[in-house]
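Coordinate inspection notes
Here are the chains, one letter per residue:
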Amino acid sequence: MTIDVVLREPTPADAEQFHAFAAHPLVLPTVDATQVPSVEDVRTFLTELAGQPDAPRRERVIVVHDRVVGSIGLTLEGSSAEIGYVIHPDYWGRGVATRAAIEMVRLGFDELGLTRIYAQFSRENPASVRVVEKVGLHQVDDKTWEITADEWAAAAA
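Reference entry: report on the structure contained in this document.

It is worth spelling out the side chain of D14 at this point. With respect to the helices, strands and loops of the structure, D14 is situated in the loop between strand 1 (6-8) and helix 1 (15-22). By relative accessible area, D14 is classed as buried at 6%. Side-chain polar atoms of D14 contact the backbone nitrogen of T11, separated by 2.9 Å. Not counting chain neighbours up to four residues away, the residues in contact with D14 comprise R8, E9, L46, V61 and V68.

Turning to helix 3 (residues 96-111), a few remarks are in order. With 16 residues, helix 3 extends 22 Å from end C-alpha to end C-alpha; this agrees with the ideal 22 Å at 1.5 Å per step. Considered for burial, the residues of helix 3 that qualify are V96, A97, T98, A100, A101, M104, V105, L107, G108 and F109. Directly beyond the C-terminal end of helix 3, a positive phi value near 70 degrees is found at G113.

Attention now moves to the sheet that holds strand 6 (residues 138-139). Read across the sheet, 7 strands follow the order 1-2-3-4-5-7-6 without closing on themselves; strand pairing throughout is mixed. Looking at the sheet topology across the chains shown, the edges are occupied by strand 1 and strand 6. Where strand 2 (residues 57-64) and strand 3 (residues 67-77) come together, 8 bridges link them in antiparallel fashion. Of the residues in strand 3, the one forming a bridge with V64 is R67.

Thresholds, definitions, all that
Residues numbered from 1 in each chain as written. Predicted model: local features only at pLDDT ≥ 70, side-chain atom pairs only at ≥ 80, totals over all residues. Heavy atoms only, no water. Helix = DSSP H or I, 4+ residues; strand = E, 2+ residues; numbered from the N terminus. Buried < 20%, exposed > 50% of the residue type's maximum accessible area, 1.4 Å probe, protein only. Polar contact = N/O pair within 3.5 Å; in protein donor to acceptor, adjacent residues only side chain to side chain. Contact = heavy atoms within 4.5 Å. Expected span 1.5 Å × (residues − 1). Pairing = 2+ DSSP bridges.

Read these as geometric descriptors, not functional statements.
Right, dumping it as structure tokens:
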């Protein structure tokens, strides 16, 4: 059964559902968090994002069945961007991250005009390796996977 995945801009009203995955004990080690964020920390983060539409981070919440179950974003660096995502463990292994990543890569190339998108993480995170490889990124060093706009366009042709 395919899960419908919707991406939308986050709002401060998403704070409690966002907190449910951001502070989850299985998620924290995957994001190198130094401390567990509070709901208020999350609300402040989301409020700051909403107030800076041209900030170097393009963040989207991942919504499944009207529930915020994750976050995905592009951190812009000139004509390149780093993609990063976090998914609630209840949705791991269900294709949610892959579908969200495909949409964010499409947004990066087709709407933002980026020339390169990359991801960085340890090979000890095999789920993330599978996600980025399904999206078309290829490994360039020990921790980095990337795809160029030309490679994306060629794959879509």
